[in-house]
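Reading the structure
Below are the chains, spelled out letter by letter.
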Amino acid sequence: MRASRLLSILILLQLRPQITAPALAREFEVSVRTILRDIDELSAAGVPVYAERGRSGGFKLREGFATRLNGLLGDEAQALPLLGLPGAASELGLGGASQRLRLKLQSALPGESAALAGRLQARLHVDPLDWYQSGEPATHLPALAQAVLECRRVELRYLSWKGERDWKAEPLGLVLKGGSWYAVARAGARTLTLKVAKIQSLSVGEESFERPADFDLATWWQASLQRFERELRPEVAVIRITAEGRRRLAEKGSYAAQAVAAAVPERPAGPRRWSRVKLPIESVDQAARLVMSLAPEAEAVGPAAVRARVAEWAGELARRHAGT
């Protein structure tokens, strides 16, 4: 760990005219005292680093000194796909490697390009989580990632809405979606999607497996999402809805936004600009709840069961809220 940090400090000193001990401490999440010891060790190893005193001072390298440290180590190569996602790299146990990789790539850029990359990094941040959401702890993610890379069979216990189940599986890939990690794994004739945070226990075996030559993770995942959407919302409801209702409905998700985009305006158009939307739904109850959440900007047109359920629940609500 310390050797990795010393290497990163050396690269960083080559990238910046000078940098303070507190700034280095923040960069590597260690104490200032630890950074001072690291600087002493670099100096003892022959690196010409020295300190400028005063308010605007800091550590810098002797002018003209340079060393090429652009070759990638094994873990740095693994971190390459996660270069713009430091949080995800840390979850996979590749946080330090990702940081070194970023610095190496920046140091390899010529003059102004390196400065531009540094400014962009300081002014652009990628947060994969939606509002009001936090990432779920994925305890077994690093071990599972290693099993994916080495094509090793695993035994795991998984907690789904149906309860716990043990699986013997061949992990084919990992997907980060909405801040949550998912594993795609082959179990017998089935290919499973497992939420990593729901894995209760994991054992990586010594036995390896042969990854299917024709398996493409991105293609499989996209097809899986489309299949999930179809199976999740197998029916269609027709909703009469105002312009404000369309705006609110589109915020419910991509499936709703697509339905709103295909809305058919009523003729003649009244002051509230009513339209009809064909909306994929999970069930009668789910559709009724959605229509009621848009009140008074929506009306269920069909199926009749949805319209009846809205009328039933609206009547119950009216009775409960009547003056006493």
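Data block above holds the structure.
Let us look at the structure shown here. (Residues numbered from 1 in each chain as written. Predicted model: local features only at pLDDT ≥ 70, side-chain atom pairs only at ≥ 80, totals over all residues. Heavy atoms only, no water.)

1. Section: the overall build of the protein
What counts, and what does not: We count a stretch as a helix when DSSP gives it H or I for four or more residues in a row; a strand needs E for two or more, and each element gets its number in order from the N terminus. Partly exposed residues are those whose accessible area sits between 20% and 50% of the maximum for their type, while under 20% is buried and over 50% is exposed, using a 1.4 Å probe and protein chains only. Only heavy atoms enter the contact rule, under which two residues are in contact if any of them lie within 4.5 Å. Calculation of accessible area relied on Shrake-Rupley with a 1.4 Å probe; when residues are assessed, cover is drawn exclusively from the protein chains displayed.
In terms of helices and strands, the protein carries 13 helices and 11 strands. Every one of the 324 residues in the protein was classed for burial, and the buried ones make up 35%. Pairs at least 24 apart in sequence give 61% of the contacts found in the protein among residues at least 6 apart. Only carbon and sulfur atoms are counted for the fraction: they give 53% of the accessible area of the protein, which is about 19800 Å².

2. With respect to the packing of helix H2 (residues 21-28) against helix H3 (residues 32-44)
Think of two packed helices as two axes; the pair is described by the angle between the axes and how far apart they sit. Our working definition: Every axis corresponds to a line fitted to the C-alpha atoms, with the helix fit spanning only the stretch in contact, and the corresponding angles, defined between N-to-C directions, vary from 0 to 180 degrees. Between 65 and 115 degrees an angle is taken as roughly perpendicular, under 35 as roughly parallel, over 145 as roughly antiparallel, and anywhere else as oblique. Put simply, Ala, Val, Leu, Ile, Met, Phe, Trp, Tyr, Cys and Pro go in the nonpolar bin, Asp, Glu, Lys and Arg in the charged bin, and everything else, Gly too, in the polar bin.
Close contact between H2 and H3 brings their axes to 8 Å; oriented N to C, the two are set at 105°. With respect to H3, the axis of H2 lies roughly perpendicular. Contacts between H2 and H3 involve Ala 21, Pro 22, Leu 24, Ala 25 and Phe 28 from the first element and Val 32, Ile 35, Leu 36 and Ile 39 from the second. Here the residues of the contact of H2 with H3 are counted per class, giving 9 nonpolar, no polar and no charged.

3. Notes on helix H10 (residues 243-250)
An α-helical turn contains 3.6 residues, so any two residues separated by three or four positions project in the same direction. To keep things clear, this is the line we draw: Directions from the helix axis toward the C-beta atoms define the arc.
Turning to H10, its buried residues number three or more, namely Gly 245, Arg 246 and Leu 249. Along H10, the residues classed as buried sweep out an arc of 100° about the axis, all on the same side.

4. Thoughts on the sheet that holds strand E10 (residues 275-281)
Our working definition: By this definition, two strands are paired if DSSP reports at least two bridges between them.
Here 4 strands make up an open sheet; going across it, the order is E9-E10-E8-E11 and the pairing antiparallel. The open sheet has two free edges, formed respectively by strand E9 (264-265) and strand E11 (298-302), since each of these has just one partner strand. Across 2 bridges, E9 lies against E10 in antiparallel orientation. Residue pairing for E10: Pro 265 is matched across the bridge by Ser 275.

5. Some details on the pairing of strand E3 (residues 152-160)
Every other side chain in a regular strand lies on the same face of the sheet, so the side chains alternate between the two faces. Sheet topology note: the E3/strand E7 (residues 199-208) ladder contains 6 bridges and is antiparallel. Among the inter-strand pairings, Arg 152 is bridged to a residue of E7, identified as Ser 208. In the sheet, E3 pairs with strand E4 (residues 163-177) via 7 bridges, with the strands oriented antiparallel. If you follow Tyr 158 over to E4, its bridge partner there is Arg 165.

6. So, unusual backbone geometry
The amide bond that connects Ala 295 to the next residue, Pro 296, takes the cis arrangement and shows omega of 0°. In this structure, Pro 296 sits in the loop between helix H12 (284-293) and E11. A cis amide bond links Gly 302 with the next residue in sequence, Pro 303, at an omega value of 0°. Residue Glu 29 is not a glycine yet carries a positive backbone phi of 55°. Structurally, Glu 29 can be placed in the loop between H2 and H3. What makes Glu 29 exposed here is its relative accessible area of 73%. We note that Cys 151 has phi near 55°; this positive angle belongs to a residue other than glycine. Secondary-structure assignment places Cys 151 in the loop between helix H8 (141-150) and E3.

7. What about the pattern of salt bridges?
Keep this limit in mind: Salt bridges are identified by distance alone: a Lys or Arg side-chain nitrogen within 4 Å of an Asp or Glu carboxyl oxygen.
Counted according to the given criterion, the structure contains 17 salt bridges. In this structure, Arg 247 and Glu 251 form a salt bridge, with 3.0 Å as the shortest nitrogen-oxygen distance. Of the residues examined, Glu 251 reaches a relative accessible area of 59% and is grouped as exposed. Look at the salt bridges and you will find they share partners, linking Arg 240, Glu 266, Arg 276, Glu 299 and Arg 307 into a network.

8. Points about the nonpolar core
Generally speaking, soluble globular proteins have nonpolar side chains that are buried together. We apply this condition: Residues grouped as a nonpolar core are buried Ala, Val, Leu, Ile, Met, Phe, Trp, Tyr and Cys residues, joined through side-chain atoms within 4.5 Å.
Grouped together as the largest cluster of nonpolar side chains are 22 residues, with contacts concentrated most on Leu 141, Leu 144, Leu 156, Leu 174, Val 196 and Ile 199. The set of elements that each furnish at least two residues to this core consists of H8, E3, E4, strand E5 (180-187), strand E6 (190-195) and E7. Of all the elements, H8 adds the most residues to this core, at 5 residues. Discounting residues that sit within four places of it in the chain, Leu 144 has contacts with Pro 171, Leu 174, Ala 183, Val 196, Ile 199 and Leu 202. In this structure, Leu 249, Val 277, Leu 279 and Ala 288 belong to the second largest nonpolar core, which totals 21 residues.

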